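Examination of the molecular architecture
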Amino acid sequence: MMNERFAELDSLAERWGLSGLELVGKGLEFSVYRAQGRDGQPVAVRLAHRRFDSNANDPHVDTRALLLQEYEIARHLAAHGLPVPEPKELVLADEPASPDVLLSAYVPDDGSDLDSFALGQLLARLHQVPTPRLTPVASEGVPTASAITARIGRRWAEIGRLVDDWPEPPDASLVAGHLTSRTGACLLHLDVRSDNIRRHQGQTVALLDWSNALLGSPSVEFGRLVEYARYPENELDVEAIRSGYARTATVPPDSDACLLVCRLDAALMLALVFLSEAPDPSRGPAAADHARELALRVIARHT
């Protein structure tokens, strides 16, 4: 199967006039290659491993839908002046064994320290851009509050299969009530971390990977940022992000119940990563304990 994929990639490379294909990244659903185009400019080739996928966090992953979303969001944001890799061509395979592929401009990274204040300014711009006309894949066809409520319940149960004496989850109606207490229909990235940020002299020159995107309140974005910032490799200074964001937009307060629920959503996702997808004997149990503590705080907001 992998040989067929490489053969398909070579065929596309010949069609596009690409040379020097080099693997530069590999995740659960996609691999990314760097190559040189006919014009001598670097390009990125994003290749789906398989048409449908499954993991502990997301049991039903449609990689074609994710590539289509990546293509449409990048086109939309590029038209509004946001820093994203310019999408060039999306190839949807005719044969089930062949991969879907997205060709985009390759944006280099100079390895500089991330300027979190400038990142906050960028996120404020993102949240003010008109939303694209699409239904985000992560919404699973329902309103954002319903999607987050459902996946909190699903991921909580999955952790319960991995952790002894795991308690009952927060009541779904309580979770949903906190989420709907904040309104807003911004485009949210929801995977803002160092791996998905290309930078030059600290400034973000491209936001990558829109697989987790949703439409909703900025509180949802900040809930994810706070949890990601707990891990040094993500290179996020939340206070600096807040300061940059506050220059042009209202920052969700730490006390916001919606933000707290979204922290729980992110914490459960990370716990499953460290317990199952990329097992870490130290981080896994600690991440589960942290998620449990957040759940108690969510419940306490109702008492």
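A few points on the structure. (Residues numbered from 1 in each chain as written. Predicted model: local features only at pLDDT ≥ 70, side-chain atom pairs only at ≥ 80, totals over all residues. Heavy atoms only, no water.)

1. Side note on the pattern of salt bridges
- Per the counting criterion, the structure on display carries 23 salt bridges.
- The partner of Arg46 in a salt bridge is Glu70, and the shortest N-O contact between them spans 3.0 Å. Taken together, the residues span a long stretch of sequence, with Arg46 in strand S3 (residues 42-48) and Glu70 in helix H2 (residues 63-79) at a distance of 24 residues.
- According to the relative accessible area criterion, Glu70 is buried, its value standing at 9%.
- Of the charged contacts, one joins Glu233 and Arg283 as a salt bridge, the two residues approaching to 2.6 Å between their closest N and O atoms. You can see Glu233 sitting in the loop between helix H6 (218-228) and helix H7 (238-245) and its partner Arg283 sitting in helix H9 (residues 283-300), a full 50 residues away along the chain.
- Residue Glu233 is classed as partly exposed on the basis of its relative accessible area, which comes to 41%.
- According to the relative accessible area criterion, Arg283 is partly exposed, its value standing at 24%.
- Where salt bridges share partners, they join Asp58, Arg151, Arg155, Arg224 and Asp265 into one cluster. (Salt bridge = Lys/Arg side-chain N within 4 Å of Asp/Glu carboxyl O. Helix = DSSP H or I, 4+ residues; strand = E, 2+ residues; numbered from the N terminus. Buried < 20%, exposed > 50% of the residue type's maximum accessible area, 1.4 Å probe, protein only.)

2. Side note on the packing of aromatic side chains
- Scanning the entire structure with this criterion turns up three aromatic pairs.
- Ring geometry for Trp156 and Trp166: centres 4.6 Å apart, planes at 40 degrees, overall tilted. Separated by ten residues along the polypeptide, Trp156 in helix H4 (residues 144-160) and Trp166 in the loop between H4 and helix H5 (172-179) bring together distant segments of the chain. By the burial criterion, Trp156 is buried, and Trp166 matches it. (Phe/Tyr/Trp six-rings, centres within 6.5 Å; stacked < 30°, edge-to-face > 60°.)

3. Describing the environment of Thr250
- Tracing the backbone shows Thr250 in the loop between H7 and helix H8 (257-277).
- Looking at Thr250, the relative accessible area reads 69%, which means it is exposed.
- Separated by 32 residues in the primary sequence, Thr250 and Pro218 place their C-alpha atoms 9.0 Å from one another.

4. A look at the pairing of strand S1 (residues 19-26)
- Looking at chain direction, S1 and strand S2 (residues 30-36) are connected through five bridges and run antiparallel. Residue Leu23 lies in a different strand from S2, and its bridge partner there is Tyr33.
- The turn joining S1 and S2, which pair antiparallel and follow one another in sequence, is formed by three residues. (Pairing = 2+ DSSP bridges.)

5. Looking at the packing of H8 against H9
- Running from N to C, H8 and H9 cross one another at 160 degrees; their axes reach a closest spacing of 8 Å. Regarding the angle of H8 to H9, the classification is roughly antiparallel. The two elements H8 and H9 cross, and the hand of that crossing is left-handed. Contacts between H8 and H9 pair Leu260, Val261, Arg263, Leu264, Ala267, Leu268, Ala271, Phe274 and Leu275 from the former with Arg283, Gly284, Pro285, Ala287, Ala288, His290, Ala291, Leu294, Ala295, Arg297 and Val298 from the latter.
- Class assignment of the residues belonging to the contact of H8 with H9 gives a composition of 15 nonpolar, two polar and three charged. (Axes fitted to C-alpha atoms, helices over the stretch in contact; angles between N-to-C directions. Parallel < 35°, antiparallel > 145°, perpendicular 65-115°, else oblique. Left-handed = near helix turned anticlockwise from the far one by under 90°. Contact = heavy atoms within 4.5 Å. Nonpolar A, V, L, I, M, F, W, Y, C, P; charged D, E, K, R; others polar.)

6. Digging into H9
- Compared with an ideal rise of 1.5 Å per residue, which puts 18 residues at 26 Å, H9 spans 26 Å between its outermost C-alpha atoms and is within 8% of the ideal.
- Among all positions of H9, only Gly284, Ala287, Ala288, His290, Ala291, Leu294, Ala295 and Val298 are buried. Relative to the axis of H9, the buried residues are bounded by an arc of 160 degrees and lie together on one face.
- On its buried side, H9 packs onto H4, H5, H6 and H8. (Expected span 1.5 Å × (residues − 1). Arc of directions from axis to C-beta.)

7. Topic: the side chain of Gln69
- Its location among the elements puts Gln69 in helix H2.
- We classify Gln69 as buried; its relative accessible area is 5%.
- Among the polar contacts made by the side chain of Gln69, one reaches the main-chain amide nitrogen of Val137 at a distance of 2.8 Å.
- With residues up to four places along the chain from it excluded, the contact list for Gln69 reads Leu134, Thr135, Pro136, Val137, Trp210, Ser211 and Ala213. (Polar contact = N/O pair within 3.5 Å; in protein donor to acceptor, adjacent residues only side chain to side chain.)

8. A look at the nonpolar core
- By size, the foremost hydrophobic cluster in this structure holds 63 residues, and its most contacted members are Leu77, Leu119, Leu123, Trp210, Leu264 and Leu268.
- Sort the elements by how many residues they give to this core and H8 lands first, with 14 residues.
- Judged by nonpolar contacts, the second largest core, of 13 residues, contains Leu9, Leu12, Trp16 and Val91. (Core = buried A, V, L, I, M, F, W, Y, C linked by side-chain atoms within 4.5 Å.)

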